[in-house]
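One letter stands for each residue in the lines below.
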Amino acid sequence: MVSEQWKFLQDVSLLINKAKELGIVLTGGELYRSREQQLSYFHSGKSKTKTSQHMKRLAIDFNFFIDGQLTYEKEKIQPLGEYWEGLSPANRWGGNFKNFTDTPHFERFL
Ligand SMILES: [Zn+2]
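Analysis parameters
Along each chain, numbering runs from 1 in the same order as the chain's sequence is written. Where totals are concerned, whole chains, interfaces and linings use all residues; where local detail is concerned, this predicted model gives features only for residues with pLDDT of at least 70, and gives and counts side-chain atom pairs only at 80 or more. Side-chain descriptors were evaluated using all non-hydrogen atoms of the structure, hydrogens and water having been removed beforehand. Planes of paired rings set the category: under 30 degrees apart is stacked, over 60 is edge-to-face and the rest tilted, where pairs are Phe, Tyr or Trp rings (Trp by its six-membered ring) whose centres lie within 6.5 Å. Relative accessibility under 20% of the residue-type maximum defines a buried residue, over 50% an exposed one, and the middle range a partly exposed one, all with a 1.4 Å probe and only protein chains included. Numbering of helices and strands starts at the N terminus; helices are DSSP runs of H or I of at least 4 residues and strands are runs of E of at least 2. Expected helix span is given by 1.5 Å per residue-to-residue step, counting one fewer step than there are residues. The bend reported for a residue corresponds to the angle between axes fitted to the seven residues ending at that residue and the seven starting there. Any two residues whose heavy atoms approach within 4.5 Å are treated as being in contact. For Na, K and Ca the donor cutoff is 3.2 Å, while for all other metals N, O and S atoms must lie within 2.8 Å; water is not among the atoms, so some sites may look incomplete.

Attention shifts here to the packing of aromatic side chains. In total, this model carries seven aromatic pairs according to the counting rule given. Ring centres of Phe64 and Tyr72 lie 6.3 Å apart, and the angle between their planes is 75 degrees; on these two criteria the pair is classed as edge-to-face. On the accessibility criterion, Phe64 (0% relative accessible area) is buried. For Tyr72, a relative accessible area of 37% puts it in the partly exposed group.

A few words now on helix α3 (residues 74–87). For α3, built from 14 residues, the straight-helix expectation of 20 Å at 1.5 Å per residue is met to within 8% by its first-to-last C-alpha distance of 19 Å. Helix geometry: α3 is bent most strongly at Leu80, by close to 30 degrees. Within α3, the full set of buried residues consists of Ile77, Leu80, Gly81 and Trp84. Of the surrounding secondary structure, the elements contacted by the buried residues of α3 are α1 (2–22), β1 (25–28), β2 (59–66), β3 (69–71), β4 (91–93) and β5 (105–108).

Here the zinc ion is held by His54 (NE2), Asp61 (OD) and His105 (ND1), and the distances to it run 2.0 to 2.1 Å. Each donor residue of the zinc ion lies on the same chain, and together they follow the pattern H-x6-D-x43-H. Taking the relative accessible area as the measure of exposure, Asp61 reaches 14% and is therefore buried.

Structurally, Tyr83 is set in helix α3. In this structure the C-alpha to C-alpha distance between Tyr83 and Trp93, which are 10 residues apart in sequence, comes to 9.5 Å. The contact partners of Tyr83, leaving out residues within four places of it in the chain, are Leu14, Leu15 and Lys18.

Relative to the helices and strands, Lys50 resides in the loop between α2 (35–44) and β2. Sequence spacing of Lys50 and Glu36 is 14 residues, and the spatial spacing of their C-alpha atoms is 9.7 Å. Leave out the neighbours within four places in its chain, and Lys50 touches Gln38, Leu39, Phe42 and Met55.

Read these as geometric descriptors, not functional statements.
Here you go:
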């Protein structure tokens, strides 16, 4: 749905600005993922599920650099994750997932 994707992308723009404010440099990972790609990730163990908000263009993955060092440590990315979840009740950060930690992942879930 275009309107949901648009709300999602507007929050992503705020997230990118917040990262800058926090001194976190971002590079982009996946946004859209096909069904075939998701199933391939599931079968290889890279993903735990056969569906994903990426398939609806409602999730994005980032890489984080702090002081020039690549990191995915939850404690270091926590302020950004909390900011994301504070933007909308529909926003979820992968760092807070119960079954596995996925810090690069930011999604809109309805
Ligand atoms: Zn993801």
